[in-house]
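Understanding the architecture of this molecule
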Amino acid sequence: MQTFSGMQRSIPYQNALSQLLLVGAFLVYTGLSTLYLFLPPLLAVLFLAFYKALSRHDLFGVLIVVMMMLIFEAEKGFWFGSTVLYFTLVSRMVIPKIEQVVQCRPCMGGIFVLFSYPGYWLFIWMANQMFLLELPAMDWHIGLYIAIEFLMVVAFI
């Protein structure tokens, strides 16, 4: 009888499996954030994850975050692909210039949050103006979301 002393069990795609489970958890969380308005939609966290995956050249990570952004858009009723387009433009054109000047972590966290909520709203507003559509709504919950997600983004940077 042979013995296989050099063999061990491992899951070859453990990282991919955990990230797909993260997408499932995000799907459940997005549904809960629609029901309970005190839960932020995690737009700034998605932007930070998208930027980090782009800067690491991690294609699978970018695809996972894009999948989460598309879930966010579908749940909130935004245009298909608008977050992907906006975050790609900001990640490639604006954030690298700001990183050359700003070096503090909380400041960069604030910049990510400001580009996520007010910046994305302005982007959608300009697109809606171009196509003569109604203006996107903005209420007092956005301030709460900005405060909560600022703390989350600063913790993750």
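The structure under discussion appears in the preceding block.
Report follows, based on the coordinates. Computed from a prediction, not measured in an experiment: that's the story for all the values here. (Residues numbered from 1 in each chain as written. Predicted model: local features only at pLDDT ≥ 70, side-chain atom pairs only at ≥ 80, totals over all residues. Heavy atoms only, no water.)

Residues V28, L32, L35, Y36, F38, W140 and L144 make up a contiguous nonpolar surface patch of roughly 770 Å² in combined accessible area. Examining the composition of the nonpolar patch, we find that three residues originate from one element, helix 1 (residues 14-35), more than from any other. As for its position among the elements, L32 is in helix 1. A relative accessible area of 35% places L32 in the partly exposed class. (Patch = residues over 30% accessible without salt bridge, like charges linked within 9 Å, V, L, I, M, F, W, Y side chains within 5 Å. Areas by Shrake-Rupley, 256 points an atom, 1.4 Å probe, with all protein chains shown as cover. Salt bridge = Lys/Arg side-chain N within 4 Å of Asp/Glu carboxyl O. Helix = DSSP H or I, 4+ residues; strand = E, 2+ residues; numbered from the N terminus. Buried < 20%, exposed > 50% of the residue type's maximum accessible area, 1.4 Å probe, protein only.)

Before going further, it helps to examine the packing of aromatic side chains. We describe a pair of aromatic rings using the distance from one ring centre to the other and the angle between the two ring planes. Counted according to the given criterion, the structure contains 12 aromatic pairs. Centre to centre, the rings of Y86 and Y120 are 5.8 Å apart; their planes meet at 55°, and the pair counts as tilted. Linking Y86 in helix 4 (residues 82-101) with Y120 in helix 5 (residues 105-130), this pair joins segments that are 34 residues apart in sequence. Residue Y86 shares its accessibility class with Y120, and that shared class is buried. Geometrically, the ring pair formed by F87 and Y120 is tilted, given 6.5 Å between the ring centres and 40° between the ring planes. In this pair, F87 sits in helix 4 while Y120 sits in helix 5, placing the two residues 33 residues apart along the sequence. On the basis of relative accessible area, F87 is assigned to the buried category, the value being 0%. A network of ring pairs unites the aromatic residues F47, Y51, F72, F78, Y86, F87, F112, Y120 and F123 as a single cluster. (Phe/Tyr/Trp six-rings, centres within 6.5 Å; stacked < 30°, edge-to-face > 60°.)

Here helix 2 (residues 43-56) spans 20 Å end to end across 14 residues, near enough to the 20 Å set by a 1.5 Å rise per residue. Regarding helix 2, the residues found buried are L43, A44, V45, L46, F47, L48, F50, Y51, A53 and L54. Directly after helix 2, the chain includes H57, whose backbone phi takes a positive value near 60°. (Expected span 1.5 Å × (residues − 1).)

Ranked by internal contacts, the top residues of the largest apolar core, which has 38 residues, are F50, M69, I95 and F112. Only helix 1, helix 2, helix 3 (59-76), helix 4, helix 5 and helix 6 (141-156) provide two or more residues apiece to this core. With 10 residues, helix 2 is the largest single contributor of residues to this core. Apart from residues no more than four positions distant in its own chain, M69 is found in contact with L46, F50, T83, V84 and F87. (Core = buried A, V, L, I, M, F, W, Y, C linked by side-chain atoms within 4.5 Å. Contact = heavy atoms within 4.5 Å.)

Considered as a void within the structure, the largest pocket measures approximately 630 Å³ in volume. As for the largest pocket, its lining consists of 25 residues, of which F72, K76, F78, A137 and I142 are closest to the centre. At the level of elements, helix 1, helix 3, helix 5 and helix 6 are the ones that each hand at least two residues to the lining of the largest pocket. The biggest single contributor to the lining of the largest pocket is helix 5, with five residues. (1 Å grid on protein atoms, 1.4 Å probe; cavity = no way out; pocket = protein on both sides within 12 Å on 5 of 7 lines; lining within 4 Å. Points joined across faces, edges and corners; volume = space filled by probe spheres on them.)

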